[in-house]
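As a plain string of letters, each chain reads:
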Amino acid sequence: MIYRADFNIRSSNVNLISPTIFANISRVLFEIFDEDKALNLIDLIVKSKTLISDVLLKENLPIVKFNDVVFQGQEVDLNQKRDEFRKWRDRQKDIYDLKYEENTRIRIRIDRKKGTAEEGYLFYQDEKVFNKDLYSIYVYTEDKNVINIFELVFKIFEKTGIGNDLSIGLGQVKFIRYDEKIFVRDIDMEKRFLNKGKLKYSISSVIISDEVLKDYKFLRYKISRYDGRSPHLVKPPYYLFEKGAMLEVLKFKGPYLSRFKDIFIYNCVFPITIEMEEGR
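The shown structure was predicted, so the numbers you read here are calculated from the model rather than taken from an experiment. (Residues numbered from 1 in each chain as written. Predicted model: local features only at pLDDT ≥ 70, side-chain atom pairs only at ≥ 80, totals over all residues. Heavy atoms only, no water.)

Even after reading the chapter, I still don't get the confidence of the model for the protein, so can you show me in this structure?
Low pLDDT means the predicted atomic positions in that stretch should not be read closely. Taken as a whole, the protein shows an average pLDDT of 83; of its residues, 78% reach a score of 70 or greater. Within the protein, strand 3 (residues 51–52) carries the highest mean pLDDT (98), whereas strand 14 (residues 229–230) carries the lowest (60). Low pLDDT (under 50) marks residues 276–280, which in the prediction has six contacts with non-local residues, meaning those over four places away or in another chain. (pLDDT = per-residue confidence, 0-100. Helix = DSSP H or I, 4+ residues; strand = E, 2+ residues; numbered from the N terminus. Contact = heavy atoms within 4.5 Å.)

See the structure below:
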């Protein structure tokens, strides 16, 4: 079964991709339960083949799009060729836009012992500021109890936020309720997921690993790098197939879960069928 949570978000300083969302879910589980209980719930999530999508624009699904692969300018004049190149470059931009603006704020560092700002210590922090659009997270699971767990966790997200630097107001979210529930079953997405078509698209960003490459054949994709950190630990860098990558399912596999020191690294392919528009 596939469920969907719709929400508004004000700002964030993390990329709201599938591994990041799971990291926040596991953080909350360890905050509200003892270690054994939290580990058992994480084990249930994984054994139930739970897939978590990236944050997506509501009712707007991603497909990696390529136009011209190599610039082949026709103009001879350098100024005209420059203008031609700029137009070509703009066409290469991924048409899937989460509709946020980049912002930089100046912050100060607090001396925890004195309770005052450290003199002369200013630093800049980048963040994403979102507009009033609705966003969605999709979850596939073979055990409805997982959705009950996520209902609790996502209610806590509303109180605390999602991501990092929650104490300065980042990551504030407000979920839409359906019969007082955050998650609603999405039959249309289930049909896309169960469609027998050979070609699929992942609605989650996928960490590139040996396991993934054995189970899925990626045909069209964009690669990006994601560097993250927990409050006390720098995570290893991830190289990702970005959401919207075209693939073939060689062997369907639920999530991949590994552990780096005291943090979990979650990874999944969330394959669905999307009807391609003309020209894509």
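For this particular structure, what's the right way to read the nonpolar core?
Nonpolar side chains in soluble globular proteins generally cluster together in the buried interior. Of all hydrophobic cores here, the largest spans 61 residues; its most connected members are Ile-25, Leu-29, Phe-150, Phe-154, Phe-157, Phe-183 and Phe-270. Examining the composition of this core, we find that eight residues originate from one element, helix 4 (residues 144–160), more than from any other. In terms of nonpolar packing, the next biggest core, distinct from the first, is built from nine residues, Val-212, Tyr-216, Phe-241 and Tyr-256 among them. (Core = buried A, V, L, I, M, F, W, Y, C linked by side-chain atoms within 4.5 Å. Buried < 20%, exposed > 50% of the residue type's maximum accessible area, 1.4 Å probe, protein only.)

Looking at this structure, I do not really get unusual backbone geometry. What am I missing?
Generally, phi is negative for residues other than glycine and the peptide bonds are trans, each holding for most cases. Phi angles above zero are rare outside glycine, and Lys-49 is one such case at about 55 degrees. You can call Lys-49 partly exposed: its relative accessible area is 34%. Even without being a glycine, Asp-179 presents a positive backbone phi close to 50 degrees. Along the chain, Asp-179 falls in the loop between strand 8 (173–175) and strand 9 (183–185). Here Asp-179 falls in the exposed class, since its relative accessible area comes to 77%.

I keep staring at a nonpolar patch on the surface and nothing clicks. Help me out?
Taken together, the side chains of Ile-208, Leu-213, Tyr-221, Ile-223 and Tyr-239 present a nonpolar region at the surface, about 450 Å² in accessible area. Looking at where Ile-208 falls in the secondary structure, it is placed in the loop between strand 11 (206–207) and helix 6 (210–215). (Patch = residues over 30% accessible without salt bridge, like charges linked within 9 Å, V, L, I, M, F, W, Y side chains within 5 Å. Areas by Shrake-Rupley, 256 points an atom, 1.4 Å probe, with all protein chains shown as cover. Salt bridge = Lys/Arg side-chain N within 4 Å of Asp/Glu carboxyl O.)

Is there a simple way to think about the sheet that holds strand 12 (residues 216–220) in this case?
Strands in a sheet are paired, the pairing made by backbone hydrogen bonds, and the direction either parallel or antiparallel. Strand order in the open sheet formed by four strands is 12-17-10-20, and the pairing between neighbours is antiparallel. Looking at strand neighbours, the two that pair on one side only are strand 12 and strand 20 (271–272), the edges of this open sheet. Judged from the four bridges that link them, strand 12 and strand 17 (residues 246–249) form a sheet pairing that is antiparallel. Bridged to Phe-218 within strand 17 is Leu-247. (Pairing = 2+ DSSP bridges.)

Can you help me understand the side chain of Glu-151 in this one?
Of note, Glu-151 is situated in helix 4. Although Glu-151 lies buried, it forms no salt bridge, and the closest oppositely charged side chain, Lys-155, sits 4.5 Å away as judged by the N-O distance. Only 3.0 Å separates the side chain of Glu-151 from the backbone nitrogen of Ile-182, close enough to count as a polar contact. Excluding anything up to four places from it in sequence, Glu-151 contacts Lys-181, Ile-182 and Phe-183. (Lys, Arg positive; Asp, Glu negative; His and termini not counted. Polar contact = N/O pair within 3.5 Å; in protein donor to acceptor, adjacent residues only side chain to side chain.)

Just to check I follow, could you spell out the pattern of salt bridges for this structure?
Should the charged atoms of two oppositely charged side chains come close, the side chains can pair. Evaluated as defined, the whole model comprises ten salt bridges. For Asp-6, the salt bridge identified is with Lys-58, shortest N-O distance 3.9 Å. Taken as a pair, Asp-6 in strand 1 (residues 2–9) and Lys-58 in the loop between strand 4 (56–57) and helix 3 (78–92) lie far apart in primary sequence, 52 residues in all. On the accessibility criterion, Asp-6 (0% relative accessible area) is buried. Given a relative accessible area of 23%, Lys-58 falls into the partly exposed group. Connected through shared salt-bridge partners, Arg-4, Asp-6, Lys-58, Glu-59 and Asp-186 make up one network.

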